[in-house]
Amino acid sequence: MVAQEVGEPGDVLTVRRVPVPEPGPGQVLVRVDAAPVHAGDLHVIRGRYGYAPPFPAVPGLECAGTVAALGPGAGAGEDGEDGEDGLRLGQRVTTVGVTGTWQEFVVADAAQVLPVPDSLSVSTAAQLIVSPLTAWLLVTGLDLGPGDWLVQTAAGSTVGQLVLDLSHHLGFHTVNVVRRRATVDRIRALGGTEVVCTEDEDLPERLGHITAARPVSKAIDCVAGRVGADVLRALAPGGELVVYGALSTHRQTDPAMLGIPVPADAIIFGGRSVRGFFLSRWFATTPPRVARRELGEVIALVEKSAMTVPEGQAIPAERALDAVRLAEAPGHGGKPLLVF
């Protein structure tokens, strides 16, 4: 799948047939079974993400597949077929920090290919990095533990559901902000302590009632805009808001709408703070051994069902435009997965 230029995905995406690439020295060829369509993928195409590839470009932030070939020096054994670092031909793997995964074959450095337990489904393996690792790093970055409270927006998203899993595992409570009434019962069923629905509830008022009884000092936000500002103001003095997405800015073109109207009094008099989290930057600034350790923690939690990745929807790659439309449709269900 190739984005010819910056623009709306439905206008610039095409399907191309190209020769199967060969892995170079220290590289691995992965035959892709499934690659998710994330909102971040679509913003890369729109030129509104944290990085911009040279166009034409193959989108895609992660995938799952099997090792199809090992390049020279990629930890190959004497027979030249099996690798030393746990990689072998035909082994199930996922790619880590590799872009351009919306294609049948992907070449990656051996260090960016991670074995996947056989117990995990293709859907789970294809979504193993972006959402679970984001949820894990957000929660551990705020040092959440037994008895703590966390406000999270976009609680019905994949990351939001994984944060709920971690709340059970680590023992913290959650205040969950959703925008659709239809989502409320699902969040309660997943163990959300409190749920606020912006479709028919006043967010500042409801947050005020909830936090009046128990000061809350930690929050994560994937919406930005007015919602992010309301959450920040509701935090206790000294509280911290971590912003990892900006759903409210999707399809916005007015520069004034592409941010958070942070209330000055909350910062000055309340000592509250706002910081961002961007997984690609985390990969770029984290030593590889630390990244693999954190990934190992995540995979172990997923394998023992302490974190459950919602099942995706398999869509043939030839119907990629359907997957793109589905990715941003309200209440679209499981993550669209391009399958080859």
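About the criteria used
Residues numbered from 1 in each chain as written. Predicted model: local features only at pLDDT ≥ 70, side-chain atom pairs only at ≥ 80, totals over all residues. Heavy atoms only, no water. Buried < 20%, exposed > 50% of the residue type's maximum accessible area, 1.4 Å probe, protein only. Helix = DSSP H or I, 4+ residues; strand = E, 2+ residues; numbered from the N terminus. Arc of directions from axis to C-beta. Contact = heavy atoms within 4.5 Å. Polar contact = N/O pair within 3.5 Å; in protein donor to acceptor, adjacent residues only side chain to side chain. Core = buried A, V, L, I, M, F, W, Y, C linked by side-chain atoms within 4.5 Å. Patch = residues over 30% accessible without salt bridge, like charges linked within 9 Å, V, L, I, M, F, W, Y side chains within 5 Å. Areas by Shrake-Rupley, 256 points an atom, 1.4 Å probe, with all protein chains shown as cover. Salt bridge = Lys/Arg side-chain N within 4 Å of Asp/Glu carboxyl O.

**Q** Help me understand helix α7 (residues 203-213) in this model?
**A** Along an α-helix, residues three or four apart share an orientation, since each turn contains 3.6 residues. For α7, the full list of buried residues reads Leu 203, Leu 207, Ile 210 and Thr 211. Each buried residue of α7 lies within a common arc of 90 degrees when the element is viewed along its axis, so the set occupies one face. Residues of α7 that are exposed and angled more than 90 degrees away from the buried face: His 209, Ala 212 and Ala 213. Contact partners of the buried residues in α7: β8 (149-152), β9 (173-178), β10 (194-197) and α8 (225-234). N-cap assignment for α7: the residue whose side-chain oxygen lies 2.8 Å from the backbone N of Glu 205 is Asp 202.

**Q** How do you make sense of the environment of Cys 197 when you look at a structure like this?
**A** Within the fold, Cys 197 resides in strand β10. Taking the relative accessible area as the measure of exposure, Cys 197 reaches 0% and is therefore buried. Spatially, the C-alpha atom of Cys 197 lies 6.0 Å from that of Arg 181, the residues being 16 residues apart in sequence.

**Q** Sorry if this is basic, but what is going on with the nonpolar core here?
**A** Nonpolar side chains in soluble globular proteins tend to end up buried together. Ranked by size, the top nonpolar core spans 45 residues in total, and within it Leu 133, Val 163, Leu 166, Ile 220 and Phe 277 carry the most contacts. Mapped onto this core, the elements with two or more residues apiece are α3 (122-126), α4 (130-141), α5 (158-170), α10 (279-285) and α11 (288-303). Element by element, the count of residues in this core is highest for α4, at seven residues. Contact partners of Leu 166, with chain neighbours within four places excluded, come to Ala 135, Trp 136, Val 139, Gly 171, Phe 172, Leu 301 and Met 307. Counting 29 residues, the second-largest nonpolar core is a separate cluster that includes Val 12, Val 32, Ala 74 and Leu 87.

**Q** Even after reading the chapter, I still don't get the environment of Asp 202, so can you show me in this structure?
**A** Within the secondary structure, Asp 202 sits in the loop between β10 and α7. Looking at Asp 202, the relative accessible area reads 43%, which means it is partly exposed. Residues Asp 202 and Leu 164, 38 residues apart in the sequence, show an inter-C-alpha distance of 23 Å. A polar side-chain atom of Asp 202 sits 2.8 Å from the main-chain amide nitrogen of Glu 205.

**Q** Could you clarify how one ought to interpret a nonpolar patch on the surface in this entry?
**A** Taken together, Val 262, Ile 267, Ile 268, Phe 269 and Val 274 make up a surface patch of nonpolar side chains, about 480 Å² in accessible area. Judged by relative accessible area, which is 61%, Ile 268 ranks as exposed.

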